[in-house]
Amino acid sequence: MHWLRTGLAGVAGTAIAFFAHLVTAVRGIWDGVEPVPAQRVYFANHTSNGDFVLIWASLPPALRARARPVAAADYWLTSPLRSFIGRDVFRAVLIQRQAEARVDDPVGQMAEAIDKGDSLILFPEGTRNMGDTPLLPFKSGLFHLAERCPEVDLVPVWIDNLNNVMPKGEVIPIPLLCTVTFGAPLERAPDEDKAAFLKRAEAALLALAPGDET
Amino acid sequence: MTAPAEFLQLMAGVLGILLVASVIGFVLSLKLNRDGSNATIENLNARIKAWWAMVALLGLAMLAGRTGVLILFGLLSFAALREFLTLTEKRRADHYALAGSFFIILPLQYVFIGMGWYGMYSIFIPVYAFLFLPIVAVLRGETDRFLMRIAETQWALMICVFAASHVPALLTLDIPGFEGKSILLIAFLVFTVQFSDVMQYVWGKLLGRRKIAPKLSPSKTWEGFVGGVLTASLAGAFLWWLTPFAPWQAFLMALVVTLMGFFGGLVMSAIKRDKGIKDWGHLIAGHGGFVDRLDSVVFSAPIFFHLTRFFWT
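To continue, consider the overall build of chain B. If you tally the helices and strands in chain B, you get twelve helices and zero strands. Ordered by position in the sequence, the α and β elements of chain B form the string α-α-α-α-α-α-α-α-α-α-α-α. For 313 residues, the compact-globule formula gives about 20 Å, and the C-alpha radius of gyration of chain B, at 20 Å, lands near that figure. Dimensions of chain B, computed from C-alpha atoms along their principal axes, come out at roughly 60 × 50 × 30 Å. The buried share among the 313 residues of chain B stands at 52%. For chain B, the accessible surface area stands at approximately 14700 Å², while carbon and sulfur atoms represent 70% of it.

Scanning chain A from terminus to terminus reveals nine helices and seven strands. Rg of the C-alpha trace for chain A: 17 Å, near the compact-globule value of 17 Å for 214 residues, within the 12% margin. Judged by the C-alpha coordinates and their principal axes, chain A covers about 50 × 40 × 35 Å. Pairs at least 24 residues apart make up 73% of the contacts formed inside chain A by residues separated by at least 6 positions. In the structure as shown, chain A presents an accessible area of about 10500 Å², 58% of it carried by carbon and sulfur atoms. Across chain A, the centroid of the 20 positively charged side chains sits 7 Å from that of the 25 negatively charged ones.

Before going further, it helps to examine the packing of aromatic side chains. Here the structure, examined in full by the defined rule, presents 29 aromatic pairs over all chains. Judged by centre distance (5.2 Å) and plane angle (15°), the ring pair of B:F191 and B:F195 falls under stacked. Placement of both B:F191 and B:F195 in helix α9 (residues 183–207) is noted, with a separation of four residues, approximately one turn of the helix. Assigned by exposure class, B:F191 and B:F195 land together as buried. Taken together, the ring pairs in this structure connect B:F188, B:F245, B:F304, B:F310, B:F311 and B:W312 into an aromatic cluster. Above the plane of the ring of A:W56 lies A:R64, whose end atom (NZ or CZ) is 5.4 Å from the centre. Taking NZ or CZ as reference, B:R309 lies 3.7 Å from the ring centre of B:Y118, over its face.

Attention shifts here to the pairing of strand β2 (residues 40–44) of chain A. Residues and elements named next belong to chain A. Burial runs high along β2: five of the five residues are buried. For β2 and strand β5 (residues 119–122), the ladder comprises three bridges, and the chain directions are parallel. Looking at β5, one finds that Y42 is bridged to I121.

All names here are of chain B. With respect to the helices, strands and loops of the structure, K90 is situated in the loop between α3 (66–87) and α4 (95–115). Buried and unpaired, K90 has no salt bridge, with E152 as the nearest side chain of opposite charge at 7.4 Å. At a separation of 3.3 Å, a polar atom in the side chain of K90 contacts the main-chain carbonyl oxygen of T86. Within the local environment of K90, its side chain forms a polar contact with the backbone oxygen of T88, the two atoms lying 3.0 Å apart.

Residues and elements named next belong to chain B. Tallied over the entire structure, the rule returns two cavities of 30 Å³ or more. In this model, the largest cavity occupies a volume close to 70 Å³. Every residue lining the largest cavity is listed: D94, A97, L133, P134, A137, R149, I150, T153 and Q154. Where the lining of the largest cavity is concerned, the elements lending two or more residues are α6 (124–138) and α7 (146–163). Sorting elements by how many residues they give to the lining of the largest cavity places α7 first, with four residues. Across the lining of the largest cavity, the residue classes tally to five nonpolar, two polar and two charged. Empty space within the second largest cavity amounts to approximately 40 Å³. Every residue lining the second largest cavity is listed: F73, L76, S77, A164, V167, L294, V297 and V298. Elements that contribute at least two residues to the lining of the second largest cavity include exactly α3 and α12 (290–312). Of the residues that constitute the lining of the second largest cavity, the class distribution is seven nonpolar, one polar and no charged.

Conventions and cut-offs
Residues numbered from 1 in each chain as written. Chains lettered and ligands numbered in written order. Predicted model: local features only at pLDDT ≥ 70, side-chain atom pairs only at ≥ 80, totals over all residues. Heavy atoms only, no water. Helix = DSSP H or I, 4+ residues; strand = E, 2+ residues; numbered from the N terminus. Rg over C-alpha atoms; globule rule 2.2 N^0.38 Å. Buried < 20%, exposed > 50% of the residue type's maximum accessible area, 1.4 Å probe, protein only. Areas by Shrake-Rupley, 256 points an atom, 1.4 Å probe, with all protein chains shown as cover. Contact = heavy atoms within 4.5 Å. Lys, Arg positive; Asp, Glu negative; His and termini not counted. Charge placed at Lys NZ, Arg CZ, Asp CG, Glu CD. Phe/Tyr/Trp six-rings, centres within 6.5 Å; stacked < 30°, edge-to-face > 60°. Lys NZ or Arg CZ within 6 Å of the ring centre and 35° of its normal. Pairing = 2+ DSSP bridges. Salt bridge = Lys/Arg side-chain N within 4 Å of Asp/Glu carboxyl O. Polar contact = N/O pair within 3.5 Å; in protein donor to acceptor, adjacent residues only side chain to side chain. 1 Å grid on protein atoms, 1.4 Å probe; cavity = no way out; pocket = protein on both sides within 12 Å on 5 of 7 lines; lining within 4 Å. Points joined across faces, edges and corners; volume = space filled by probe spheres on them. Nonpolar A, V, L, I, M, F, W, Y, C, P; charged D, E, K, R; others polar.

Rendered as structure tokens:
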């Protein structure tokens, strides 16, 4: 049955990417980095459940096949369908958000995926941003991952307008144009402390947001 | 529905024009753009390529008859509305109003046209959508920028759905002596308006000196405007055999729609300036978005529809 599940996952993946394009006509803007198959951690702003679908759909197929989102196990393992989509279609790295429920160390799980040669899609804010500020303060996961995997490019990715397509609590998406902007990888500064690194990562991501954001 | 012979003749003519344009583009590219650095020629060739696709799509839809044209324009309305509403003022409270615009109002408008129900499709958006959408929005209690939100949403529907749907609505007109040929009215309208856009571009590039609206659209010139509108109106007169019009009537009709198209382009440029963008979208290479390509047709279609309906039915 394994081949059937893999085949179904491939079809479902193509269908989901097609649907994302139909609703948002999503366009990847490569601004400071090229769409080449280098190993990367894409870190993005998080306003909607569709965020990683959009990044995933805007990647060229060859990159898409190796890009795994880091997602919450408590969300993606709650039903068989979600579990199929999370595990088989997106091959998500599923982590426990609540520290007390953890069996595995999240940074360890991410590093393991990178050791296998995959790229990651990560939302360092840790939760969806529902407020008026463009970005929530980053959690420390990105810093620890950067220390563990110093050879991987950290690419900031700004997702624009998806919060209007799919606001929290709504079921029907509104078709509106979205863009996904990929910026230049973060420079590595070996002796930087956690706070300074996270500040710099936040600034690099915010710099990709379109100027007239309201 | 089988396509009238006139339609095939017009298509042959259009394909001939595209072939000549492609050859010119190719020669220009060989002479002046060997390294791909001449932006004007790159853009010209991208535009010509996109024209091939647009003509093929429109031709196929028209060969498929009423249903084909309805589906094509329904999809064009969808793409245009998606571009337009991306730029309008909105809040989370507008979610149902926006979803209703896409998934209820847009399809219903085209269903009413498919039914040939003039009494409904001609007032559905200006009356029913106009009154009910603000009610749907107000129930969520968000008053911030309320008037701007509902007005911009209504405007988007009027332009992208109501006005655009008047192209397929031409198929519902019963013109004595013109039975089974109403698809030719669409061909006439779309051809003259788009030909005017192309000829304004060509005359503007060849002779353009004096800017007609520097604040709105720096590429539009008096020479392009006069040359484009006159050339396209004359072409319209020569296409009288497609239509129920006499040659002089065809000339006047073409003049009206090309003028409407020109001013429609200016209005849509003003909105782009207001919203701080250059193109509405990016899906048609060299042209921008769907609204960029459709703006002139959208402004001329309802006027063409009602003039034809008033004088010829």
